[in-house]
Amino acid sequence: MAGEIVNLRQFRKKQARSEKEKQAEQNRVAFGRTKTEKSLTRALNEKASKKLDQGRLETPAIARSADGASDTEKT
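A brief structural summary. What you see is a predicted model; the values in this text were computed from it and never measured.

**Examining the overall build of the protein**
Stage number 1. What the protein contains, in helices and strands, is 2 helices and 0 strands.
Stage number 2. Out of the 75 residues in the protein, the part that is buried amounts to 4%.
Stage number 3. Surface summary for the protein: the accessible area is close to 7800 Å², and the carbon and sulfur share equals 55%.

Written out as C-alpha cells, the structure is:
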C-alpha cells in the first residue's frame, strides 16, 4: 500500500528543467523573428499610420496646456 519512493532532489531538478524549457519556448515565440519579418511588420505599421494620417481633417495643435485649452483662450 505504500506509494512509490521519490528522490526529492531529482524531482526538483526535473521540475526546474521543465520550467526552463517552458520559458525558452515562450522566448522563442516572442523574440524568434527574423530581420525580414521585423522589417515587414515595421513597414506595414508605417503604411497604416500614413493612411490614417491622410484621413485627418486638420492637424492637431502642437502647443496645448494641461487643461486642454489653447494659450489664446486663457483669460
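**With respect to the pattern of salt bridges**
Pairs can form between side chains of opposite charge whenever their charged atoms are close.
Stage number 1. Evaluation of the coordinates by the stated rule reveals 4 salt bridges.
Stage number 2. For Lys22, the salt bridge goes to Glu19, with nearest N and O atoms at 3.9 Å. Note that Lys22 and Glu19 are positioned in helix α1 (residues 8-31) at a spacing of 3 residues, about one turn of the helix.
Stage number 3. The class of Glu19 is partly exposed, set by a relative accessible area of 45%.
Stage number 4. Two residues, Glu21 and Arg28, come together in a salt bridge whose shortest N-O distance is 3.0 Å.
Stage number 5. On the basis of relative accessibility, which here comes to 46%, the residue Arg28 falls in the partly exposed class.
Stage number 6. Connected through shared salt-bridge partners, Glu21, Glu25 and Arg28 make up one network.

**Looking at a positive patch on the surface**
Stage number 1. Side chains of Arg9, Lys13, Lys14 and Arg17 sit close together on the surface and give a patch of like positive charge.
Stage number 2. Looking at the element boundaries, Lys13 is found in helix α1.
Stage number 3. Under the relative-accessibility criterion, Lys13 is labelled partly exposed at 46%.

**Notes on helix α2 (residues 35-54)**
Stage number 1. Between its terminal C-alpha atoms α2 stretches 29 Å, which fits the 28 Å expected from 20 residues at 1.5 Å a residue.
Stage number 2. Burial of α2 is sparse: only 0 of the 20 residues sit out of reach of the surface.

**Brief notes about α1**
Stage number 1. Given a rise of 1.5 Å per residue, 24 residues ought to cover 34 Å, and the 34 Å separating the end C-alpha atoms of α1 matches this to within 8%.
Stage number 2. In this structure Asn7 caps α1, since a side-chain oxygen of it lies 3.1 Å from the backbone nitrogen of Arg9.

Reading the values: rules and limits
- Residues numbered from 1 in each chain as written.
- Predicted model: local features only at pLDDT ≥ 70, side-chain atom pairs only at ≥ 80, totals over all residues.
- Heavy atoms only, no water.
- Helix = DSSP H or I, 4+ residues; strand = E, 2+ residues; numbered from the N terminus.
- Buried < 20%, exposed > 50% of the residue type's maximum accessible area, 1.4 Å probe, protein only.
- Areas by Shrake-Rupley, 256 points an atom, 1.4 Å probe, with all protein chains shown as cover.
- Salt bridge = Lys/Arg side-chain N within 4 Å of Asp/Glu carboxyl O.
- Patch = residues over 30% accessible without salt bridge, like charges linked within 9 Å, V, L, I, M, F, W, Y side chains within 5 Å.
- Lys, Arg positive; Asp, Glu negative; His and termini not counted.
- Charge placed at Lys NZ, Arg CZ, Asp CG, Glu CD.
- Expected span 1.5 Å × (residues − 1).
- Polar contact = N/O pair within 3.5 Å; in protein donor to acceptor, adjacent residues only side chain to side chain.

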